[in-house]
Each structure stands twice: as C-alpha cells, then as structure tokens.
Amino acid sequence: QVQLVESGGGLVQAGGSLRLSCAASGRTFSNYIMGWFRQAPGKEREFVARITPSGNIPYYSDSVLGRFTISRDNAKNTVYLQLNSLKSEDTALYYCAAGVVHTPRAEGYDYWGQGTQVTVSP
C-alpha cells in the first residue's frame, strides 16, 4: 500500500501561482511513476502531468504544458506540481496518484490521494 496526501491548494487570482505537494508513505516511493490529475465539477478526471521514478522525464497535458512543472524528491518521498500563469479553467480538485504503468489514463494508477482544491478567480 501507498498512502498519498496532497497539500498546497488554495484560492489564487488568475495569473498567479501555487505549488502543490504530495507526500507518500508506505512502499518504496522511488519505484513508482507519480502523476497529477484534476477534476472540475461536472467533468471527467483528466491527466495533468506525470514523472518517471527517477524524476528525469516529465510528461504534460497540452493544456498545462509550459505553465506547470512536475518534480519529485525521492529522499523526501514527495512529488510536487508548480502551477504558474493560472487560469480560471485550471480550477479543480487536484489529485496525485502512484502507479507502475507509463500512462496518462487514470485507471493505470493504483494509489490515489484525497485531493487538494485549486480555485482560480478571474
């Protein structure tokens, strides 16, 4: 089992920044691909970013490429998502997830956190 706890969400104005963190405990963190997903009210959960176990290869959805940065610190069992140039359409509940399959599909991840809310005001 892997337990994931997100933090860092909040209310921010459009154009602002936030840094989300996801702390992991349980099995060896460095074995897992870590992903960030988000879900807005009435919408499907969507892929945001993922990062390889070593942390040297990130992947992003087109909607956040160039604005968001995923990183990880395996010594701290933590994955981060830096959100810059935020837009109102970025408003959602953000989840981190852990898995062993390289995929943007949510069903490919085995463990999920409870989410942290990001709200971007116009």
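Refer to the structure printed above.
Residues numbered from 1 in each chain as written. Predicted model: local features only at pLDDT ≥ 70, side-chain atom pairs only at ≥ 80, totals over all residues. Heavy atoms only, no water.

## Some remarks on the overall build of the protein
Part 1: If you tally the helices and strands in the protein, you get zero helices and eleven strands.
Part 2: Order of helices (α) and strands (β) in the protein, N terminus to C terminus: β-β-β-β-β-β-β-β-β-β-β.
Part 3: The C-alpha radius of gyration computed for the protein amounts to 13 Å, which stays within 12% of the reference 14 Å derived for 122 residues, consistent with globular compactness.
Part 4: Overall, the C-alpha framework of the protein stretches about 40 × 30 × 25 Å when taken along its three principal axes.
Part 5: The buried share of the protein, reckoned over its 122 residues, is 43%.
Part 6: By sequence separation, contacts in the protein at least 24 residues apart represent 56% of the contacts at least 6 residues apart.
Part 7: Within the structure as shown, the protein displays about 6,100 Å² of accessible surface, and the carbon and sulfur contribution to it stands at 48%.
Part 8: One way to put it: in the protein the 11 positive side-chain charges average out to a point 4 Å from where the 9 negative ones average out. (Helix = DSSP H or I, 4+ residues; strand = E, 2+ residues; numbered from the N terminus. Rg over C-alpha atoms; globule rule 2.2 N^0.38 Å. Buried < 20%, exposed > 50% of the residue type's maximum accessible area, 1.4 Å probe, protein only. Contact = heavy atoms within 4.5 Å. Areas by Shrake-Rupley, 256 points an atom, 1.4 Å probe, with all protein chains shown as cover. Lys, Arg positive; Asp, Glu negative; His and termini not counted. Charge placed at Lys NZ, Arg CZ, Asp CG, Glu CD.)

## Structural notes on the state of the cysteines
Part 1: Summed over all chains, the structure comprises one disulfide.
Part 2: What pairs with Cys22 in a disulfide is Cys96, and their sulfur atoms sit 1.9 Å apart. A torsion of 45° about the S-S bond marks the disulfide between Cys22 and Cys96 as right-handed. Here Cys22, found in strand E3 (residues 18-26), pairs with Cys96, found in strand E9 (residues 92-99); they are 74 residues apart in sequence, far enough to count as distant.
Part 3: With relative accessibility at 0%, the residue Cys96 sits in the buried group. (Disulfide = S-S within 2.5 Å.)

## Notes on the packing of aromatic side chains
Part 1: Using the criterion set out here, one finds six aromatic pairs in the structure.
Part 2: Between Tyr32 and Tyr111 the ring centres are 6.1 Å apart and the planes differ by 85°, which places this aromatic pair in the edge-to-face class. Taken together, the residues span a long stretch of sequence, with Tyr32 in the loop between E3 and strand E4 (33-39) and Tyr111 in strand E10 (residues 111-112) at a distance of 79 residues.
Part 3: Accessibility expressed as a relative area gives 15% for Tyr111, which makes it buried.
Part 4: Plain terms: the ring middles of Phe37 and Trp112 are 5.0 Å apart, the flat faces sit at 55° to each other, and that makes the pair tilted. Here Phe37, found in strand E4, pairs with Trp112, found in strand E10; they are 75 residues apart in sequence, far enough to count as distant.
Part 5: Using a relative accessible area of 0% as the deciding quantity, one classes Phe37 as buried.
Part 6: One aromatic cluster in this structure is built from Phe37, Phe47, Tyr95, Tyr109 and Trp112. (Phe/Tyr/Trp six-rings, centres within 6.5 Å; stacked < 30°, edge-to-face > 60°.)

Purely geometric stuff here, so don't read any function into it on its own.
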